[in-house]
Amino acid sequence: MIEARNLSVQAGSFALHDISFVVPRGAWGVVTGPAGAGKTTLLETIAGIRHSAQGIVLLRGVPVTHLPPEQRRLGIVYQRGFLFPHLSVAANVAYGASDADYAREIARRFEADRLYDRRVATLSGGERQVVALARALATKPDVLLLDEPFAALDQARRIRLRDELCALHRELGITVLQVTHDLGEAEGAEVRVDLQEGRLVTGTDRSAQA
Amino acid sequence: MAREGERYRVATTLVVGASVVLLAVLGVPVAVLVALGGKAGLALLATDPALRASLALTAGTATAATLVTVLLGTPLAWLLARGRMPGATVVSALLDLPLLIPHPVAGIALLLAFGRASPAGEALSRVGLAIVGSPLGISLAMLFVSAPLYVSGAREAIARVDERYESVARTLGDTPFLAAWRVTRPLAGRGLLAAAVVMWARAVSEFGAVVILTYNPKVVSVLSYDRFTSYGLNAVLPVAAVLVILALVPLAILRSLRGHIAFGEP
């Protein structure tokens, strides 16, 4: 479960104000809004990369506001991937994984294993995102934060990988919070958090409504 | 159109002319020195044991100063680069100070703080160490005047590495130290090495602070001064020329490092 209660964050000259929402355990939530609305800032605050000025972040029903990122047991995938350029693709996928076999299996499911002997510098934008996704999932997180993970993928690959991610999400009960500009993805989500200029416009728990 | 062309030619001439003047001011003295003393200087390396000993002392003390600074200064550079340093403005000013004060003044300050009559000097002498008249004092003087160059260069090198690489590493389980060590350090590696080479080159050429603390044993800068004041220009010419030639080594290393510095995802 991912919960924010009255979360306010200062990020330079930008601020998030009084954000509250709940993504139930095992649900898929989306964050939408125009550029500069604070979507990435929100994800980073949940991940512990940014500190909140006020409010609480709860994961799995437990307050984690004062926990560092390495103790929150979640995965984050940025739009740019941020693969470590000095490491091979294989080393990137295995970076935080304690189970090497599981990491390889995840890489296979997301078609990252075909890139194993490639250098990061030679990967396309879409390939980087695939590897970044495999790297985040290889650590077996039960909370996954996605910042437009499919943006650089072509349509066919986007559908394939989204289906694979959805399958994994259902199998393992991963709680997902995804930033997206894709209206189709937003429509299908169980929870929708709409941001505008750092403020919550709507927060809808469709699973509660259903 | 013709007037535009004329203005362009005048501007180009001025830019090229100014560059030539500056490069001449920098290059001509070095070229004259090498031309007049280079051959004899290189021969001296084989025949002058005092020069060789001085070179070894200079290289050794500069290397020690650089290694200590890399060890102590890299964490400081990381804190400054990541905006985690309390009182960063004051710290940055403190780091700039040794670059701005005259180097003999730096030597006097070190003498007061660590000389035999100081509490620190007394403590050092109790364990058999001394700053005055020792390689330790030479390294200390070199460190004082050139460490800011390393910290400044290292800070820039680390700042060029997007902090989100560290953030991602932390979500994958790394502590802040591990993330900096496993991710930022290798990505900033060439920049850190370049900063260390700049510091080393500066340390090697230090005179003002060193001569206050330690006249003997002599580093090459002090040896050059000693030979000039004792025996005149002809005696020091080969020494000076060979030092300029040897300075090409760190210069070549720096050029090769700077050609390959790249950060972040390509």
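Residues numbered from 1 in each chain as written. Chains lettered and ligands numbered in written order. Predicted model: local features only at pLDDT ≥ 70, side-chain atom pairs only at ≥ 80, totals over all residues.

Caption draft 1: Local environment of the overall build of chain B. Scanning chain B from terminus to terminus reveals 12 helices and 0 strands. Going from N to C terminus, chain B has its helices and strands arranged as α-α-α-α-α-α-α-α-α-α-α-α. Seen through its principal axes, chain B has C-alpha atoms that stretch 75 × 65 × 35 Å. Put simply, chain B has 266 residues, and 35% of those count as buried. (Helix = DSSP H or I, 4+ residues; strand = E, 2+ residues; numbered from the N terminus. Buried ≥ 20, exposed ≤ 12 C-beta atoms within 10 Å, placed from the backbone.)

Caption draft 2: Molecular detail of the interface of chain A and chain B. Between chain A and chain B, the contact holds 19 residues from the first and 15 residues from the second. Taken together, the residues that form the side of chain A that touches chain B break down as 13 nonpolar, 4 polar and 2 charged. (Contact = placed C-beta atoms within 7 Å. Nonpolar A, V, L, I, M, F, W, Y, C, P; charged D, E, K, R; others polar.)

Caption draft 3: Examining the confidence of the model for chain B more closely. Residues and elements named next belong to chain B. Mean pLDDT over chain B stands at 91; residues scoring 70 or higher make up 97%. Residue range residues 262-266 is modelled with pLDDT below 50. Its contacts to residues more than four positions away, or to other chains, number 10 contacts. Predicted complex metrics record ipTM = 0.91 and pTM = 0.87. (pLDDT = per-residue confidence, 0-100.)

Caption draft 4: View of the pairing of strand S3 (residues 28-32) of chain A. Residue and element names in this part refer to chain A. Counting buried residues along S3, 5 of its 5 residues qualify, which places the element largely inside the surrounding structure. Here S3 shows no split at all, with Trp28, Val30 and Thr32 on one side and Gly29 and Val31 on the other all buried. Where S3 meets strand S8 (residues 175-179), 4 bridges bridge the pair, whose relative direction is parallel. Bridge pairing in S8 places valine 31 opposite valine 179. Where S3 and strand S9 (residues 191-196) come together, 4 bridges link them in parallel fashion. Residue pairing for S9: threonine 32 is matched across the bridge by aspartate 194. (Pairing = 2+ DSSP bridges.)

Caption draft 5: Spatial organisation of the environment of isoleucine 19 of chain A. All names here are of chain A. Relative to the elements of secondary structure, isoleucine 19 occurs in strand S2 (residues 14-23). The exposure class of isoleucine 19 is buried, given the 26 C-beta atoms found within 10 Å. Placed 121 residues apart in sequence, isoleucine 19 and lysine 140 show a C-alpha to C-alpha distance of 28 Å. The residues touching isoleucine 19, leaving out its near neighbours within four places in the chain, are Ala4, Leu7, Leu42 and Leu200.

Caption draft 6: Inspection of helix H5 (residues 155-172) of chain A at higher detail. Taking 1.5 Å of rise per residue, 18 residues should cover 26 Å, and H5 of chain A covers 26 Å from first to last C-alpha, within 8% of that figure. Glycine 173 of chain A sits one or two residues past H5 of chain A and shows a positive phi near 65°. (Expected span 1.5 Å × (residues − 1).)

Caption draft 7: Layout of the packing of helix H1 (residues 2-47) of chain B against helix H11 (residues 233-246) of chain B. Residues and elements named next belong to chain B. One way to put it is that H1 packs onto H11 with a least axis distance of 6 Å and a crossing angle of 100°. As summarised for this structure, H1 and H11 are arranged roughly perpendicular, according to the angle between their axes. In this structure, H1 contributes Val30, Leu33, Val34, Leu36, Gly37, Gly38, Ala40, Gly41, Leu42, Leu44 and Leu45 to the contact, and H11 contributes Leu237, Pro238, Val239, Ala240, Ala241, Val242, Val244 and Ile245. Partitioning the contact of H1 with H11 into residue classes produces 16 nonpolar, 3 polar and no charged. (Axes fitted to C-alpha atoms, helices over the stretch in contact; angles between N-to-C directions. Parallel < 35°, antiparallel > 145°, perpendicular 65-115°, else oblique.)

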